[in-house]
Amino acid sequence: MQIGVFSVSDITTDPTTGHTPTENERIKASVAIAKKVEEIGMDVYALGEHHNRPFFSSSPTTTLAYIAAQTERITLSTATTLITTNDPVKIAEDFAMLQHLADGRVDLVLGRGNTAPVYPWFGKNIQDGVELAIENYSLLRKLWDEDTVNWSGKFRTPLQNFTSTPRPLDGVAPFVWHGSIRTPQIAEVAAYFGDGFFANNIFWPKEHYQQLIGLYRERYEHYGHGKADQAIVGLGGQFFMRKNSQDAVKEFRPYFDNAPVYGHGPSLEDFTSQTPLTVGSPQEVIEKTLTFREYFGDYQRQLFLIDHAGLPLKTVLEQLDLFGEEVLPVLRKEYAARKPAHVPEPPTHAGRVAALLAAQDAEKSAADA
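The rules we used
Residues numbered from 1 in each chain as written. Predicted model: local features only at pLDDT ≥ 70, side-chain atom pairs only at ≥ 80, totals over all residues. Heavy atoms only, no water. Helix = DSSP H or I, 4+ residues; strand = E, 2+ residues; numbered from the N terminus. Buried < 20%, exposed > 50% of the residue type's maximum accessible area, 1.4 Å probe, protein only. Polar contact = N/O pair within 3.5 Å; in protein donor to acceptor, adjacent residues only side chain to side chain. Contact = heavy atoms within 4.5 Å. Phe/Tyr/Trp six-rings, centres within 6.5 Å; stacked < 30°, edge-to-face > 60°. UniProt positions renumbered as here; feature names shortened; annotations may be inferred. 1 Å grid on protein atoms, 1.4 Å probe; cavity = no way out; pocket = protein on both sides within 12 Å on 5 of 7 lines; lining within 4 Å. Points joined across faces, edges and corners; volume = space filled by probe spheres on them. Salt bridge = Lys/Arg side-chain N within 4 Å of Asp/Glu carboxyl O. Core = buried A, V, L, I, M, F, W, Y, C linked by side-chain atoms within 4.5 Å. Pairing = 2+ DSSP bridges. Axes fitted to C-alpha atoms, helices over the stretch in contact; angles between N-to-C directions. Expected span 1.5 Å × (residues − 1). Bend = angle between axes of the 7 residues up to and from the residue.

- As annotated in an unreviewed UniProt entry, the protein carries the name FMN-dependent luciferase-like monooxygenase and is attributed to Pseudarthrobacter oxydans.

### Comments concerning the side chain of Ser-77
Item 1. Considering the arrangement of structural elements, one finds Ser-77 in strand S3 (residues 75-78).
Item 2. A relative accessible area of 1% means that Ser-77 is categorised as buried.
Item 3. Reaching out from Ser-77, the side chain makes a polar contact with the side chain of Asp-107 at a distance of 2.6 Å.
Item 4. Here Ser-77 is in contact with Val-44, Tyr-45, Ala-46, Leu-47, Leu-64, Asp-107, Leu-108, Val-109 and Arg-301, once residues within four sequence places are set aside.

### A look at the packing of aromatic side chains
Item 1. Inspection of every chain in the model, using the stated rule, returns 17 aromatic pairs.
Item 2. Relative to Phe-323, the ring of Phe-239 lies with its centre 5.3 Å away and its plane at 10°, an arrangement referred to as stacked. Linking Phe-239 in strand S11 (residues 239-241) with Phe-323 in helix H11 (residues 313-338), this pair joins segments that are 84 residues apart in sequence. For the residue pair Phe-239 and Phe-323, the accessibility class agrees, reading buried in each case.
Item 3. Judged by centre distance (6.2 Å) and plane angle (80°), the rings of Tyr-295 and Phe-296 are edge-to-face.
Item 4. Residue classification places Tyr-295 among the partly exposed positions, given a relative accessible area of 34%.
Item 5. Relative accessible area serves as the criterion here: at 5%, Phe-296 is assigned to the buried category.
Item 6. Joined through ring pairs, the aromatic side chains of Phe-240, Phe-252, Phe-256, Tyr-262 and Phe-271 make up one cluster.

### Examining the UniProt feature "domain: Luciferase-like" (unreviewed entry) in the protein
Item 1. Under the local residue numbering, the UniProt record ascribes the feature "domain: Luciferase-like" (unreviewed entry) to residues 1-295.
Item 2. Segment residues 1-295 splits into 42% helix and 16% strand. End C-alpha atoms: 16 Å apart.

### Digging into the layout of surface pockets
Item 1. The volume enclosed by the largest pocket comes to roughly 630 Å³.
Item 2. Taken together, 30 residues make up the lining of the largest pocket; nearest its centre are Thr-80, Gly-113, Asn-114, Ile-181 and Asn-200.

### So, the pattern of salt bridges
Item 1. Under the defined criterion, the tally for this structure stands at 23 salt bridges.
Item 2. The partner of Arg-73 in a salt bridge is Asp-43, and the shortest N-O contact between them spans 3.7 Å. Of the two residues, Arg-73 is situated in the loop between helix H2 (60-68) and S3 and Asp-43 in the loop between helix H1 (23-39) and strand S2 (44-47); the sequence distance between them amounts to 30 residues.
Item 3. A relative accessible area of 40% places Arg-73 in the partly exposed class.
Item 4. Measuring nitrogen to oxygen at the nearest pair gives 2.8 Å for the salt bridge that ties Arg-156 to Asp-87. Of the two residues, Arg-156 sits in the loop between strand S6 (149-151) and strand S7 (159-162) while Asp-87 sits in the loop between strand S4 (81-82) and helix H3 (88-101), which places them 69 residues apart along the sequence.
Item 5. Look at Arg-156 and you get partly exposed, because its relative accessible area is 22%.
Item 6. You can call Asp-87 partly exposed: its relative accessible area is 31%.
Item 7. Salt bridges sharing common partners tie together Arg-242, Glu-251, Lys-314 and Glu-318.

### Quick word on the nonpolar core
Item 1. Core analysis: the biggest nonpolar cluster contains 97 residues, and Met-42, Tyr-45, Trp-144, Tyr-216, Phe-252 and Phe-323 have the highest contact counts within it.
Item 2. Among the elements that line this core, the one with the most residues is H11, at 8 residues.
Item 3. Once you skip the residues sitting within four places of it in the chain, Tyr-45 turns out to touch Val-5, Ser-7, Ser-30, Ile-33, Ala-34, Val-37, Leu-64, Ile-67, Ile-74, Thr-75, Leu-76 and Ser-77.
Item 4. Judged by nonpolar contacts, the second largest core, of 5 residues, contains Leu-82, Tyr-119, Leu-132 and Phe-155.

### Focus: the sheet that holds strand S10 (residues 233-235)
Item 1. Read across the sheet, 9 strands follow the order S3-S2-S1-S13-S10-S9-S8-S5-S4 without closing on themselves; strand pairing throughout is parallel. Edge positions in the sheet fall to S3 and S4, since each of these pairs with one other strand and no more.
Item 2. Examined bridge by bridge, strand S1 (residues 2-7) and S2 share 4 bridges and lie parallel to one another. In the sheet register, Val-5 faces S2, and the bridge partner there is Tyr-45.
Item 3. Where H1 meets the sheet, its contacts fall on S1 and S2, and the angle it forms with S2 comes to roughly 160°.
Item 4. In the packing of helix H7 (residues 206-222) onto the sheet, the strands contacted are strand S9 (196-199) and S10, and the crossing angle to S9 comes to about 180°.

### Here we look at the pairing of strand S13 (residues 301-305)
Item 1. Counting buried residues along S13, 5 of its 5 residues qualify, which places the element largely inside the surrounding structure.
Item 2. Going residue by residue along S13, you find Arg-301, Leu-303 and Leu-305 tucked away on one face and Gln-302 and Phe-304 tucked away on the opposite face as well.
Item 3. Across 2 bridges, the pairing between S10 and S13 is parallel. Note that in S13 the partner of Gly-234 across the bridge is Arg-301.

### A few points about helix H8 (residues 245-258)
Item 1. With 14 residues, H8 should reach 20 Å at 1.5 Å per residue; the first-to-last C-alpha distance of 20 Å fits that figure.
Item 2. Bending of H8 peaks at approximately 40° at the position of Phe-252, with proline Pro-254 no more than four residues after it.
Item 3. Of the residues making up H8, those classed as buried are Ser-245, Ala-248, Phe-252, Tyr-255 and Phe-256.
Item 4. Of the surrounding elements, those touching the buried residues of H8 are S11, helix H9 (268-274), strand S12 (278-280) and helix H10 (282-296).
Item 5. Its side-chain oxygen at 2.8 Å from the backbone nitrogen of Gln-246, Asn-244 defines the N-terminal cap of H8.

This is the structure we're talking about:
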């Protein structure tokens with residue numbers, strides 16, 4: 001199991017101090033958080049993509065490359081890369097470049113995003129969202145998998161004898177997760193290609209994601225990639241911890257009540273009972289996180305949203321220290337003990353390179369026979 005952190009890159013006023021961080025403060029904070037993620041022994045740092053306020057992360061590959069230069073072990077990913085409004089050629093180039101710089105410690109989550117105005121800003125129509133996602137991803141795969149691409153489609157100018165550079169590191173493209181909170185067609189695309197499916201899993205009841213993940217698993221098996229319970233699934237979640245549960249609730253309540261993503265809706269108590277949000281002690285975070293497997297099956301990646309709602313950097317780093325000390329070791333032990341032998345490990349660059357070499361050796365042996 002890979003355990004890590006993802007950020008949606010919001011810039012939100014701290015309701016307890018009235019301080020609104022600058023873009024510079026939040027950008028530098030993301031780097032500090034990623035370095036702390038590695039320091040405490042987590043596996044993944046992922047950053048979203050937005051092109052509108054109140055978010056700062058318009059160019060996640062730039063930020064991730066900067067982080068790659070200051071880390072050695074963690075996988076660097078996106079929480080969303082907009083497959084609908086980004087040019088597939090630029091995605092292919094940017095992530096292959098990042099892959100080389102980070103020595104393979106790179107993957108990405110593709111999604112349509114949740115900001116309607118972004119479509120016309122980039123010359124697209126939101127009504128074409130699903131069709132754009134499917135066509136653009138098909139082209140992206142060709143750009144990574146084939147040295148010379150000849151292609152024509154509905155939404156982009158044709159390509160003739162085009163080679164995307166640099167080529168993927170070691171001949172293996174970055175692993176792709178497809179993220180969706182409501183679109184079954186995206187689960188279908190993930191299953192068709194044998195890619196991963198990432199369920200954001202932070203704002204909606206579990207029953208909603210059970211349907212999407214169930215569809216993805218069913219279709220993954222249908223397309224011959226393995227059994228349904230061997231499909232590659234990632235989940236989001238979020239927590240706020242203190243040693244004492246009452247202290248956690250008291251401290252987090254003003255953030256919950258005032259943050260745009262939470263405020264003016266269900267109470268904190270109702271929200272924590274209906275969604276993955278855990279506000280309490282380390283033991284409560286452990287117990288609730290371990291229930292995810294009961295609802296969604298065995299899965300490969302668990303990411304937590306913790307730098308949101310106006311929480312100051314100091315508090316976020318404290319959360320990570322506490323997680324590393326009291327939660328992470330227990331989750332690792334429990335995940336390892338509960339994982340069936342036939343369920344695959346999380347995808348890594350090294351593992352995928354090894355699989356490619358094994359397949360090439362098998363082909364050579366068959367040809368020589």
